[in-house]
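An overview of the molecular structure
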Amino acid sequence: MSRNTAGGNLCDIAATIAMAVALALVLGSCTSDAPPPEEAYGDTEREALEALAREARDPGSAVAQARESGKRVIVIGIDGMDWIIARRLMEEGRLRHFKELADAGGFSALLSSMPPQSPVAWSNFITGMDSGGHGIYDFVHRYADSYLPHFSTSDVASAAQRIRVLGIPIRNRVVVPFTDYVLPFQGGQPLNLRKGVAFWEILEAAGIGTTIFRLPANFPPVESATGLSTAMSGLGTPDILGTYGTFSFFTTDPWPGSDDVSGGSVHPVEVVDNVVRASIKGPVNEFLDYDRIADRTGSRVAYDDRKARLDFEVFIDPVHAVAKIVIGGSEAILTEGEFSDWMEIDFEMVPHMVGVNGVVRFYLKSVRPEFELHASPIQINPANQALPITEPPEYGQELVDELRHFYTQGMPEDTKALESAVFGNAEFAAQATLVLEERKRALEYHLQRFDEGLLFFYFSSLDQGTHAMWRCMDPDHPAHIPDEDEAYASFIDELYMQFDQVLARVLEDVDENTTLIILSDHGFAAWYRKVHLNRWLLDEGYLALKPGVRPEDVEWLLGVDWSKTRAYSIGINGLYLNVKGREGQGIVEPGPEADALVDEIAEKLEGVIDPENGQRAVVRAYKSREFYHGPLVETAPDIVVGYGWGYRGSEESAGGAIGSAVLEDNLNKWSGDHCADYMHVPGVLFSNKIIAAEAPALYDLAPTILAEFGIGTMDWMIGAPVF
C-alpha cells in the first residue's frame, strides 16, 4: 500500500490527525488478542533443523564440504510437460537438446500426486511427503462446519476485533471524524495453508543459499530464517482483487449473459465524440464503514459497489484503427490488435492517505464498428506489494528494476478470456507468448547471477497452453471447431520446441559441479467428458435436496438437506462423508459406519460406465485412510476419485453444484486436463545424472535435492533419492 500526505479539506485534515494520533499511541505497544497463526511444522521438525545446522558447522561433514565446493543444483519446473508427448517429439527429432540430455544423463516418467493437481503435486515436491503430510488435497477444500468451498493453499487471517495498547484492550480501528472512513491498527494477514518443511528451509538451515522463483503452493512465500533464501510466489498468488485472475472487458456490444462471465467482468460503454469514458474496478475498500453508511442512507452498499474504482479515458482516432488510453497519469497508444506495456495504477482508499497499487496491461481488440478493449487482471506490483509475494520484500523491487513489470498472478495465461470468447485462439496465443517471453527474461537474469547453492525456476506456459489448446490438435474432441482450430493444431508441439531452446540456454551454465534437474508435476490427457459427481450422489441416494429445490438451482451446496445427506462432493476429485461431529450437520457415525459407507461408495464409483462408449468413467476410488501417510489424513476427502482417461470431475461439482446429468460432453475451450487417475498422466524427469530409481515420484525429489548437498533424507519424508 502507498501512503501520501493529506491535503487541504476538512476530511483530509481530520484523517491525518486521527492517523497521527493512532500511530503515536500504538507504535511499539500494540498487540493483538487474536490467536497466532498455526505453525507449518512442529517441535520434531524444528529440532531436526537445529541438529542439521550444528552438523553443517563441522568442516568435515558432507554438507559443509558440498557448501565449500560451490556445489550448484539447477531445477527447472515445467508445469504440465507430458511424458508421452515429450517422448514422441524426441523420437521425431524435434526436441534435440532434451534427447541429448536424456542420452547423456537420465530420462524417466515421473509419478504425480493423487489427485494429479498442481497444488497437490508441487506440495509433494516441496515437502517430500504426500497429502497426508502437507494437507493439500485439491485446488478446492471445504469448511467442514459450513460446507462452503475455499481455495486450498492460502487463506486470510481476519484482523483482530480488539488489540491491546499499553496492555489496555481497545477496538482495532479508529473512526475518522466527519467521514465514513475507519483506519485499522492491524490488518488481516494472508496465510500459506501448506504444512510441512519446504526443502529449501532445510538447505538454508545447512547454510546453503537458494532462489525459488514462482514455485506453486508458496503464497505467501516462506519467510527466510537467515536471509539465505530468496523467493517469489507462484501458483496460488492472487491478482489485486484476491482472485486467481479477473479480467475486464469494455465493449459497446455486450452480449446476452455477459453480466455473468466466469473469471471476468464485462462493462458496457459508449463512444461519444470518439471518446470512451469508463472505470476499472479494484479491491473492496475495507477502509469504509459500510454499516455506518447504511445507517446514514437507509440502504446497504452492494458488494460490487464496495470496490474501489479508477476512471480512465480512451481517445479514438477518427480515421485510423488507433486509440490512446489515459489512466492514472499514464498513457498508451495502441493500434487495433496490439497489447500495451504494463501500466502502474493506484486505487485511492482513503483520500490522499492510503492507496493500493497494481499494474495492468490493455489489449485493443477493436476500434470500430464496435469498440472492444480487454484489461488484464490487475497484478500485484512486486515493487509496491499490496500482498506479500517476494521474500525478502526488496527482491520484488530488484526484479522490477532489472526486468520491468511482469505477470505476478499464479496462472497468468488468460484462459478465462478465451473461454468467454473475449479472446480467440490467435489472441490467446499472443498473450501466452508475452507470458513466456517474460519468463525467459527472468530465467536469463537468474542464471547470470547464480553462482552456488540451489536455483529453482518455474514455467507455467506449457500447462496453461495444453489446457486451453488441446482441442486444436484433437479432431475427436467435442469442442473442436475445424475452421477455428486447425490452424493451431501444432501449437502445443511448438511450445515443447520452445522449451527445447530454453534447455539449450540452461545447458550453457551447467558444469561438472552442477546437477541439472528438469521435471514436471504431471502430464496431460484429453478432457472429453464431464463427471457431475454430486449428480451421481443424488441419483444414488447419498445426497438429498430440500423440498422444492431443483438440482439445477443448487450452488455451493446451498439447498442440500443435510439431515438426509450421507455424502457430497467439493473439489475436482474429492468426495466427503457427512460425518457427525466433523461436518456442521453430520449424520454418519464415525468409525465402522463411516468405513463401511466409504467401501460401499468406492465400489459403486468404480462401476460407473459411460453409456456413450462403454468406458469406465472412474478407474479407481482411492480411500484416503489407506492411501495417504501422515498426521493430516483425517482432514482429507474420504474418497479421492481417479477418473478414467478422457474424464474429469466437472467444475460445477467442484464448486458444490449438482448438474443435470451424471455425464456430459465437455464443450469448454479448457479441453485438456490432468485431474484423472495419476497413473494416466505421468510427468517427466530429466537430469544430467543417471536416474537409478525404477519408478520415481514427485515426493522423491526433495530427498534427491538434499542428497546433492550431502544432507540425508528427513524422517518425515516418504520419498528417497533417485540418483
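For the structure given in this document, a descriptive report is provided here. Because the structure is a prediction, the values reported are computed rather than measured.

Observations regarding the sheet that holds strand 25 (residues 362–366)
- Pairing is mixed across the open sheet formed by five strands, whose spatial order is 16-15-26-25-22. Single-partner strands in this sheet number two, and they are strand 16 (264–268) and strand 22 (338–339).
- Relative to strand 25, strand 22 is paired through two bridges, and the arrangement is antiparallel. The residue of strand 25 that forms the bridge with Phe-339 is Tyr-363.

Details of the environment of Ile-705
- Position of Ile-705 among the secondary structure elements: in helix 20 (residues 701–708).
- With sequence-adjacent residues up to four places away left out, Ile-705 is seen in contact with Val-75, Phe-125, Phe-199, Leu-203, Leu-454 and Ile-517.

Things to note about the sheet that holds strand 35 (residues 639–643)
- Here we have four strands laid out as an open sheet, ordered 32-33-35-34, and antiparallel in their pairing. In this open sheet, the two strands that pair with only one neighbour each are strand 32 (567–569) and strand 34 (618–623). Each strand of the sheet is rotated relative to its neighbour by a mean of 25°, with strand direction disregarded.
- Note that strand 34 and strand 35 share five bridges and pair antiparallel.

Examining helix 10 (residues 393–403)
- Among the residues making up helix 10, those that are buried are Tyr-395, Gly-396, Leu-399, Val-400 and Leu-403. All buried residues of helix 10 fall inside an arc of 140° around its axis, so they share one side. Turned more than 90 degrees away from the buried face of helix 10, the exposed residues are Glu-394 and Asp-401.
- At its buried positions, helix 10 is contacted by strand 13 (210–215), strand 14 (229–233), strand 28 (390–391) and helix 12 (425–449).
- Among the residues trailing helix 10, Arg-404 stands out with phi positive, at a value near 65°.

Topic: empty space enclosed by the protein
- Across all of its chains, the model carries one cavity of 30 Å³ or more by this definition.
- Each pocket or cavity is described by its volume, and for the largest cavity that value is around 40 Å³.
- Along its surface, the largest cavity is lined by Ala-525, Ala-526, Trp-527, Gly-646, Tyr-647, Arg-648, Asp-673, His-674, Cys-675 and Ala-676.
- Elements with a contribution of two residues or more to the lining of the largest cavity: strand 31 (525–531) and strand 36 (646–649).
- For the lining of the largest cavity, a count of residues per class yields six nonpolar, two polar and two charged.

Cut-offs used in this document
Residues numbered from 1 in each chain as written. Predicted model: local features only at pLDDT ≥ 70, side-chain atom pairs only at ≥ 80, totals over all residues. Heavy atoms only, no water. Pairing = 2+ DSSP bridges. Helix = DSSP H or I, 4+ residues; strand = E, 2+ residues; numbered from the N terminus. Contact = heavy atoms within 4.5 Å. Axes fitted to C-alpha atoms, helices over the stretch in contact; angles between N-to-C directions. Buried < 20%, exposed > 50% of the residue type's maximum accessible area, 1.4 Å probe, protein only. Arc of directions from axis to C-beta. 1 Å grid on protein atoms, 1.4 Å probe; cavity = no way out; pocket = protein on both sides within 12 Å on 5 of 7 lines; lining within 4 Å. Points joined across faces, edges and corners; volume = space filled by probe spheres on them. Nonpolar A, V, L, I, M, F, W, Y, C, P; charged D, E, K, R; others polar.

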